[in-house]
Amino acid sequence: MVEFRGVSKVYQGQAAAVENLNLNVETGKITVFVGPSGCGKTTSLRMINRMVEPTSGTITVGGRDVGTIPAHELRRSMGYVMQHAGLLPHRTVIDNVSTVLRLNKVPRAQARTRSLELLETVGLSAAMASRYPNQLSGGQQQRVGVARALAADPPVLLMDEPFSAVDPVVRAELQQELLRLQRELAKTIIFVTHDIDEATLLGDRVAVFATGGRIAQYAPPEEILRAPLDSFVANFVGRDRGFRHLAFSTADSVPIHPSNGVVWDADALRNNAVAAAGWVLAVNADNYPLGWLAPGTHPGSRAAGPHTPELIPGGSLFQTGDSLRNALDAALSSPSGLGVAVDADGRVRGLVRAPEVLAAIDAAREGRP
Ligand code: ADP
Ligand code: MG
């Protein structure tokens, strides 16, 4: 879809920012450019829509040499999202989203309807439409930026560190939203980040950039974590890559043990219904996990005394279909050492144990079922 053929960029009086870049970006997939700061990711991205002109080489989009397409036309045919949403401060949210539509001569009422739909698509309520950008949080502004980029329904979306400036919780939310959107829209997305975790989470393919706009490796994320091509990639991918690689293996073979869960309600407390030794999982009447009771603190045990025992917050949950990474994390992050497995609705299915997750990892490595 987007092809770089021998593309170089030399800014005046400097070493090459990008040198002889050859890359083929797949249609309908997310391709991530990742690498340390200053290695030419933004330059490469901006050459696609001619915000930066290459010094030599050719870039084609859908087979057309972008150098032959007028820059303003090209930019309108591609969505562009950057780190700070870059919204026009004196225009309302809806006007920001409608701008490209109006430039494309879409009638005002129609542009408005479409923009409201887009805001909904990116998870913003219609109430946000009449606000100004500075009345939104950073995460909301980024959502508006994405809505604006999608306005003209462009086949190609260029995203330059769009989630880098928001806090980690919001970033994780935006990442999941992007994956959800992409399942519906199947755009050709080129996404720039310096964060290898973000790259491996979002990318169908990941291009690891090294200084001077050289591509050190271009492969699916699983392969980059499992088999970094050289020491540059290995160093960049970092120390936790063995753990992160587990994100690409399903945990279907990990045994799930019946939970000794107790329904944590007034009855349980009144009747001293909990008698088990060891950790006990508390659930509500619908079987959603609430937390853990430490050994010896159950109502009915001597140590409990007259006081209501406190629930200890649980660790991460392991959902049906999740990876070995999630399974292991659920077990390791649980105060009891037992990971809580839940179904798609969040109801408790049972418990997983770290040693059994490790056994499943070994079995997967050795190709055993
Ligand atoms: P990245 O996005 O990977 O951090 P950039 O593409 O922004 O990298 O920059 C690559 C190199 O080009 C850097 O050395 C940077 O200083 C230089 N550079 C980027 N933009 C310009 C510019 N407009 N003028 C001169 N040098 C630039
Ligand atoms: Mg950059």
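What you see is a predicted model, and the numbers here were worked out from it, not measured in a lab.

In terms of helices and strands, the chain carries 13 helices and 16 strands. Across its three principal directions, the C-alpha atoms of the chain cover 80 × 55 × 35 Å. Expressed as a percentage of its 369 residues, the buried residues of the chain come to 44%. Taking all contacts inside the chain whose residues are at least 6 apart in sequence as the whole, residues at least 24 apart take part in 60%. If you sum the accessible surface of the chain, you get close to 17,900 Å²; carbon and sulfur atoms cover 50% of it. Within the chain, one finds 36 positive and 36 negative side-chain charges whose respective centroids are separated by 6 Å.

Before going further, it helps to spend a moment on the packing of helix α3 (residues 93-103) against helix α5 (residues 138-150). Two numbers describe a pair of packed helices, the interaxial angle and the distance between the axes. For the pair α3 and α5, interaxial distance at closest approach is 7 Å and the crossing angle is 30°. Viewed along their axes, α3 and α5 adopt a mutual orientation that is roughly parallel. In this structure, the crossing between α3 and α5 has a hand that is right-handed. Here α3 contributes V93, N96 and V97 to the contact with α5, which in turn contributes V144, A147 and R148. The residue makeup of the contact of α3 with α5, split by class, is 4 nonpolar, 1 polar and 1 charged.

Before going further, it helps to examine α3. Because an α-helix packs 3.6 residues into every turn, residues spaced three or four apart end up facing the same way. For α3, the tally of buried residues reaches 8 of 11 residues, placing the bulk of the element in the interior. Where α3 is concerned, the buried positions are V93, I94, N96, V97, S98, T99, V100 and L101. Of the surrounding elements, those touching the buried residues of α3 are α2 (71-76), α4 (108-121) and α5.

Scanning all chains against the criterion turns up 5 aromatic pairs. Residues F232 and F236 carry aromatic rings whose centres are separated by 6.4 Å and whose planes lie at 5° to one another, so their mutual orientation is stacked. One end of the pair is F232 and the other is F236, both in helix α9 (residues 231-237) and 4 residues apart, which spans about a single turn. Owing to a relative accessible area of 24%, F232 belongs among the partly exposed residues under this scheme. A relative accessible area of 19% places F236 in the buried class. In this structure an aromatic cluster arises from ring pairing among F4, F33 and F209. The residue whose ring lies beneath R205 is Y218, and the NZ or CZ to ring-centre distance is 4.7 Å.

Per the domain assignment, the segments of the chain are domain 1 (2-240) and domain 2 (262-366). Here domain 1 and domain 2 have C-alpha centroids that lie 41 Å from each other.

Quick look at unusual backbone geometry now. Negative phi characterises most residues that are not glycine, and trans characterises most peptide bonds. Its identity is not glycine, yet D153 carries a phi of approximately 50°, on the positive side. Tracing the sequence through the fold places D153 in the loop between α5 and β7 (156-160). A positive phi angle is found at E161, which is not glycine, with a value near 45°. Among the structural elements, E161 can be located in the loop between β7 and α6 (168-185).

We now examine the side chain of E161. No salt bridge is formed by the buried E161; its nearest oppositely charged neighbour, K41, is found at 4.5 Å. When residues no more than four places from it in sequence are discounted, the contact partners of E161 are K41, M82, Q83, V192, T193 and H194.

Next up on the list: the nonpolar core. Counting residues in hydrophobic clusters, the biggest one holds 47 residues, and the most contacted among them are V34, M159 and F191. When residues of this core are assigned to their parent elements, the largest contribution, 5 residues, is made by α5. Other than its neighbours up to four places away in sequence, F191 contacts I30, T31, V32, F33, M159, P162, F163, L178, E198 and L202. Counting residues in hydrophobic clusters, the runner-up holds 26 residues, among them V2, F4, I69 and L74.

One open sheet accounts for 3 strands, arranged β14-β15-β16; its pairing is mixed. The open sheet has two edge strands, β14 (317-319) and β16 (348-353), and neither has a second partner. Strand after strand, the sheet turns through a mean of 35° between neighbouring axes, direction not considered. Docked against the sheet, helix α12 (residues 324-333) engages β14, β15 (338-342) and β16, running at close to 130° with respect to β15.

Attention now moves to the sheet that holds strand β4 (residues 56-61). Taken in spatial order, the 4 strands line up as β2-β1-β4-β5 in an open sheet, and their pairing is antiparallel. In the strand order of this sheet, the two ends are held by β2 (18-25) and β5 (64-65), each with one partner. In this sheet, β4 lies alongside strand β1 (residues 2-9) in antiparallel orientation, the contact comprising 5 bridges. Opposite R5, over in β4, you have T58 as the bridge partner. Contacts from helix α1 (residues 41-48) reach β1, β2 and β4 within the one sheet, and its direction differs from that of β1 by about 120°.

How each quantity is defined
Residues numbered from 1 in each chain as written. Chains lettered and ligands numbered in written order. Predicted model: local features only at pLDDT ≥ 70, side-chain atom pairs only at ≥ 80, totals over all residues. Heavy atoms only, no water. Helix = DSSP H or I, 4+ residues; strand = E, 2+ residues; numbered from the N terminus. Buried < 20%, exposed > 50% of the residue type's maximum accessible area, 1.4 Å probe, protein only. Contact = heavy atoms within 4.5 Å. Areas by Shrake-Rupley, 256 points an atom, 1.4 Å probe, with all protein chains shown as cover. Lys, Arg positive; Asp, Glu negative; His and termini not counted. Charge placed at Lys NZ, Arg CZ, Asp CG, Glu CD. Axes fitted to C-alpha atoms, helices over the stretch in contact; angles between N-to-C directions. Parallel < 35°, antiparallel > 145°, perpendicular 65-115°, else oblique. Left-handed = near helix turned anticlockwise from the far one by under 90°. Nonpolar A, V, L, I, M, F, W, Y, C, P; charged D, E, K, R; others polar. Phe/Tyr/Trp six-rings, centres within 6.5 Å; stacked < 30°, edge-to-face > 60°. Lys NZ or Arg CZ within 6 Å of the ring centre and 35° of its normal. Domains from an automatic or database assignment. Salt bridge = Lys/Arg side-chain N within 4 Å of Asp/Glu carboxyl O. Core = buried A, V, L, I, M, F, W, Y, C linked by side-chain atoms within 4.5 Å. Pairing = 2+ DSSP bridges.

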